Amino acid sequence: MLGRRQLREKWFLLAPAMAVLALITLMPLANTFWLSFTDTRISALPTPTHFIGLENYIYALTDPDFQDALFRTLYFTVVSVGLEGVIGVAIAVLLNQQFKGRTLLRALIILPWAVPTIVNAVAWRLIYHPDYGALNSMLYQLGFISDYRSWIGDPMTAMHMVILADMWKNFPLVAYVALAALQTVPGDLLKAAAVEGASPWKRFWSITLPWIAGPLMVVMVLRTIEAFRVFDIVYVMTGGGPADSTKTASFYVYQEYFNYLRSGSGASYAVLVAGISAVMILGYYAAARRQSQGGAA
Amino acid sequence: MSDQHILSINNLQKLYGETHVLKDINIAMDKGEFLVLVGPSGCGKSTLLSCISGLTEISSGSIHIAGKDRTHCEPADRDIAMVFQSYALFPNMSVERNIGFGLEVRKVPEAIRKQKVAEVAELLKIGHLLHRRPAELSGGQRQRVAMGRALVRDPALFLFDEPLSNLDAKLRVTMRTEIKRIHQTTGASIVYVTHDQIEAMTLATRIVVLRDGIIQQIGTPQEIYNTPVNAFVADFMGSPSMNLMRGTAVRQDGKIRLSIPTPGGSVLELEDMRTDSSAISEEKRDILIGLRPEAMTDTLSGSRDPGQIADCILDVVEPAGADTYAVINLGGTETIARLSADANVQAGQTVPIRFDLSKVSYFDVDSGARL
Amino acid sequence: MRRSLLQSVLLYACVVLVALFTAGPLLWLVTMSISAPTDLTEVPLRWIPSEVDFSRYQTLLDLNDGSGERFLSALRNSILTAGGATLLALLLAVPAAYSFSRRNASMVLLFAFLATIMMPPITYILPLYSTFSSLGMLNKTLTLIVVYTAMLLPFATWLMKSNIDVLPIEVEQAAFMEGASTAYTIREVVLPLALPAIAATAMLSFLVAWDEFFYALIFTNDLSAKTLPVAIADFSAGRVTDYGVIATVGVMATLPPAILAICFQKFIVSGLVAGSVKG
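Quick summary incoming for the structure in this document. For clarity, every value in this text was computed on a predicted model and none was experimentally measured.

1. Overview of the overall build of chain B
Now for step 1: Assigned secondary structure in chain B consists of 8 helices and 21 strands.
Now for step 2: If you line up chain B on its principal axes, its C-alpha atoms span 75 × 45 × 35 Å.
Now for step 3: Within chain B, buried positions represent 52% of all 371 residues.
Now for step 4: Look at the contacts in chain B between residues 6 or more apart in sequence, and 67% of them connect residues 24 or more apart.
Now for step 5: Carbon and sulfur atoms make up 48% of the accessible area of chain B, which totals about 16,100 Å².

In structure tokens:
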């Protein structure tokens, strides 16, 4: 249905957006890729840079600290997104029931999402405070602990505390997507299953969950991509510590760039992280495509 | 030659990928004509209109409008206006701005614009609605606004894309009359797409019947109705449609003797004395005999033509107010006879039926082509 | 299906639990912001403030106070940055979305658009930093606006595209038939019809920009350009003895997005769900 002028317009209309994206994302991406093959350093004085081939990559891939950071990021991502999935679906199921105050609770759920990431990090840092934190006080007064603990000062618990805080902010998205999907589950199907004698638990596993699996899958992959980039919350809550126990891949690259000023080497880490992200992004499109083609079922 | 015609389409082809949706379309339309494109859904009539409008690029051929080659022109530069099936009014604008939009775009001064819009609104009897929004109008009023938007620019050619299909039955008849009235008062040249053959018959000065992207017949409503070029046109045009009975034709003494089998095993014999018997190429052959329901009546109907009378069994009787339709099984098909409303008949009865062969059509059994 | 008493009790217990889990941290943040400083350092904590103290809000809204100045300039920068970027992103996204929706621009290209924001920002940060540094554009609100525009653009384009898709195309065809140019049609016909979608897109974009931290951290270094997230991180990392001040800054930074989210909940949630699921 396109005339010739309209075909020309196609590119004309796209051009401004493409120009901005090319300048702010595409060119830096190519530049980072180039940097990763050099020994460039950030410095006030112009220093000569050399092309050093794969040297940065060989170093990065054998660097145990970077590997640890990658695994930490993966751990953070899997646990955080997994919890968001479970809690998000559970809350969505709850919000799909009939009860007094349902509208209010549905509205309340959006609040954690609206809290800026940094405020979330700061708030939880205060809650986890070793001396005056609400968590310590509450657990102490309820009798769960006998002494105050340093929740984010302890390498054993710090990561889990970060995960809890991140999960609190991000479960609403999963819950809303799951709720929207739950509302499309045909009531007749559930009634039919109930008449056949299936227990509520059985009905959930064999009808409801498969029905909402498509959209749920898509939003979880999207959250995985986001979680894998985690930086802000770590920066504010723990600064990567204690003992590097919360140092994630993005934070690692950040330090390589801006603390150690090794841009060539940092770029090679960045390219590796970007590569992993790219794989996940392709996974997202695969999931989203299957979702839009296969419908809700 | 194309400059006498308001619209002339030559050898137009349209392909979507491998699919040939319009095949070798040729149409020449005179100024002031009301040309109706009609056919079953999927026949390509809407695509053809879209090609004329320029919203769809054609694959090959040419389109001239008002004597100028517009084959590759933008819709806006074709000197045409279009009334869409969904009316396509701008929901955020008042009726006045909707009608005057084309003038606004062409930077016509506001005073002139207002005056023209007022004139058109007067013609369409919507002068009192000018400050309303489309959402506040009834279906018929929206239809009038859509026509107003087309009329106000006074283009060489108007295109109507199934404009009445969203209206209820009663309003459709009113608007049909309205469109006819506007055509008669303005003398506009109109190309009009519909799938409703009654609309086609009542509105058109000429009808183009399309099927599978091929023009079947172009002609006045009378030509299409009385001398359809093939069994498809005969069947598609007219309501109820033409009865197509299988039978045998024998040439005899310059006359044609027809034998039509009935379910009981007996044979209905009729004699056609008017048709030139050379229409039948052989002494004896199988043919499709086309008779309109009004050529099969009861003996009470005061037809001047005595016709030929034969007894038939009525399968079903359907009173329809002014007429009573009777279904009779003839020539391997359910034919419909149009009896007078007073005919006191019941299903299962055997009744004398008068056959009027003055407008009979003959078609080839295999190709369906008119003989 | 009727519930037994036990089921009802369980259901409402879950409701209360979820409500507490959701609202608890926020309530505590608000409580901290209005508690007396001494209440906040008691062990174990005093949960209900001994007195309600709004003085921190007064301080933060006072330009003559040190923290007030820091907060207010950060607030100004955040509003300018998020607002400017939202406006610019929409300005670019609407024509692009129209091209994807009505001019058959390739979906692969749209996916490429979206892929750019899914990449970790550390992939882009260093070359951007070097470029802005050599152009003398560091620590400028305009720089952040440009970067945020690129960050908001793909999602805004995507959201607008799916909204334009469902508008009746015949109305636009009618405008073309009447001789309107594409620009005129977009402005006079498409935009008024897509107004709700534009509002939703603008709100979501504004919230994303309001939330951004990483680029702002790297590209800004003083009051003239630092945004709220960076200022809050500074407050939190600095030697503040009164935790209530940090809480107060947090509450104030949360208020605009929270108010938007509550008031336009339906809008935002449907935008979020559509934006994250439809492929």
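2. Considering the packing of helix H8 (residues 158-182) of chain A against helix H1 (residues 5-34) of chain C
Now for step 1: In contact at an axis separation of 11 Å, H8(A) and H1(C) are set at 125° when each is read in the N-to-C sense. Taken together, the axes of H8(A) and H1(C) are oblique relative to one another. Our pair here, H8(A) against H1(C), has a crossing hand that is left-handed. On H1(C), the residues touching A:Met167, A:Trp168 and A:Phe171 of H8(A) are C:Phe21, C:Thr22, C:Pro25 and C:Leu26.

3. What to know about the nonpolar core
Now for step 1: In this structure, A:Trp113, A:Tyr128, A:Met237, C:Tyr148, C:Tyr215 and C:Phe219 are the most contacted members of the largest nonpolar core, which totals 171 residues.
Now for step 2: Per element, the largest residue contribution to this core is 17 residues, and it comes from H8(A).
Now for step 3: Per-domain counts for this core show at least three residues from each of domain 1 (1-53) and domain 2 (60-277) of chain C.
Now for step 4: Not counting residues within four places of it along the chain, the set of residues in contact with C:Phe219 comprises C:Ile125, C:Leu128, C:Tyr129, C:Phe132, C:Leu138, C:Asn139, C:Leu144 and C:Val147.
Now for step 5: The next biggest cluster of nonpolar side chains, apart from the first, holds 45 residues, and it includes B:Ala81, B:Val95, B:Leu130 and B:Val209.

4. Considerations on the interface of chain B and chain C
Now for step 1: Each partner contributes to the interface: chain B provides 24 residues, whereas chain C provides 15 residues.
Now for step 2: Carbon and sulfur atoms supply 64% of the area that chain B and chain C bury against each other, a total of about 1,600 Å² over both sides.
Now for step 3: Inspection of the chain B/chain C interface yields 2 salt bridges.
Now for step 4: Between B:Arg153 and C:Glu178 there is a salt bridge; the shortest N-O distance is 2.9 Å.
Now for step 5: Taken together, the links from chain B to chain C amount to 8 residue pairs in polar contact (both at pLDDT 80 or more).
Now for step 6: The element that contributes the greatest number of residues to the side of chain B that touches chain C is helix H2 (residues 95-105) of chain B, accounting for 5 residues.
Now for step 7: Here the residues of the side of chain B that touches chain C sort into 14 nonpolar, 5 polar and 5 charged.

5. Here's the deal with the pattern of salt bridges
Now for step 1: Applying the stated criterion across every chain yields a total of 25 salt bridges over all chains.
Now for step 2: Note that A:Arg223 and A:Asp166 form a salt bridge whose closest N and O atoms lie 3.6 Å from each other. Separated by 57 residues along the polypeptide, A:Arg223 in helix H10 (residues 200-228) and A:Asp166 in helix H8 bring together distant segments of the chain. The burial state of A:Arg223 is the same as that of A:Asp166; both residues are buried.
Now for step 3: Between B:Arg97 and C:Glu188 there is a salt bridge, with its nearest N and O atoms 2.5 Å apart. Residue B:Arg97 is found in helix H2, and its partner C:Glu188 is found in helix H8 (residues 182-193); the two belong to separate chains.

6. Focus: the interface of chain C and chain A
Now for step 1: Opposite the 92 residues of chain C that make contact, chain A presents 96 residues.
Now for step 2: Surface buried jointly by chain C and chain A totals about 8,100 Å² across both partners, of which 79% is contributed by carbon and sulfur atoms.
Now for step 3: Across the chain C-chain A interface, the total number found is 1 salt bridge.
Now for step 4: Summed over the shared surface of chain C and chain A, the number is 17 residue pairs in polar contact (both at pLDDT 80 or more).
Now for step 5: Residue contributions to the side of chain C that touches chain A peak at 14 residues, all from H1(C).
Now for step 6: Class assignment for the residues of the side of chain C that touches chain A results in 72 nonpolar, 16 polar and 4 charged.

7. Side note on the sheet that holds strand E3 (residues 34-38) of chain B
Strands in a sheet are paired, the pairing made by backbone hydrogen bonds, and the direction either parallel or antiparallel.
All names here are of chain B.
Now for step 1: Here 6 strands make up an open sheet; going across it, the order is E6-E7-E8-E3-E9-E10 and the pairing mixed. Strands with a single pairing partner mark the edges of an open sheet, and in this sheet they are strand E6 (80-83) and strand E10 (214-219). Strand after strand, the sheet turns through a mean of 20° between neighbouring axes, direction not considered.
Now for step 2: In the sheet, E6 pairs with strand E7 (residues 157-161) via 4 bridges, with the strands oriented parallel. Note that in E7 the partner of Met 82 across the bridge is Leu 159.
Now for step 3: In the packing of helix H4 (residues 139-151) onto the sheet, the strands contacted are E6 and E7, and the crossing angle to E6 comes to about 175°.

8. Here's the deal with the sheet that holds strand E4 (residues 60-65) of chain B
Residues and elements named next belong to chain B.
Now for step 1: If you walk across this open sheet you meet the 4 strands as E2-E1-E4-E5, and the pairing is antiparallel. Two strands in the sheet have a free side with no partner beyond their single neighbour: strand E2 (19-30) and strand E5 (68-69).
Now for step 2: In the sheet, strand E1 (residues 5-16) pairs with E2 via 8 bridges, with the strands oriented antiparallel. Paired with Ile 9 across the strands is Ile 27, a residue of E2.
Now for step 3: Where helix H1 (residues 45-53) meets the sheet, its contacts fall on E1, E2 and E4, and the angle it forms with E1 comes to roughly 120°.

Cut-offs and rules
Residues numbered from 1 in each chain as written. Chains lettered and ligands numbered in written order. Predicted model: local features only at pLDDT ≥ 70, side-chain atom pairs only at ≥ 80, totals over all residues. Heavy atoms only, no water. Helix = DSSP H or I, 4+ residues; strand = E, 2+ residues; numbered from the N terminus. Buried < 20%, exposed > 50% of the residue type's maximum accessible area, 1.4 Å probe, protein only. Contact = heavy atoms within 4.5 Å. Areas by Shrake-Rupley, 256 points an atom, 1.4 Å probe, with all protein chains shown as cover. Axes fitted to C-alpha atoms, helices over the stretch in contact; angles between N-to-C directions. Parallel < 35°, antiparallel > 145°, perpendicular 65-115°, else oblique. Left-handed = near helix turned anticlockwise from the far one by under 90°. Core = buried A, V, L, I, M, F, W, Y, C linked by side-chain atoms within 4.5 Å. Domains from an automatic or database assignment. Buried area = accessible area lost by both parts, 1.4 Å probe. Salt bridge = Lys/Arg side-chain N within 4 Å of Asp/Glu carboxyl O. Polar contact = N/O pair within 3.5 Å; in protein donor to acceptor, adjacent residues only side chain to side chain. Nonpolar A, V, L, I, M, F, W, Y, C, P; charged D, E, K, R; others polar. Pairing = 2+ DSSP bridges.

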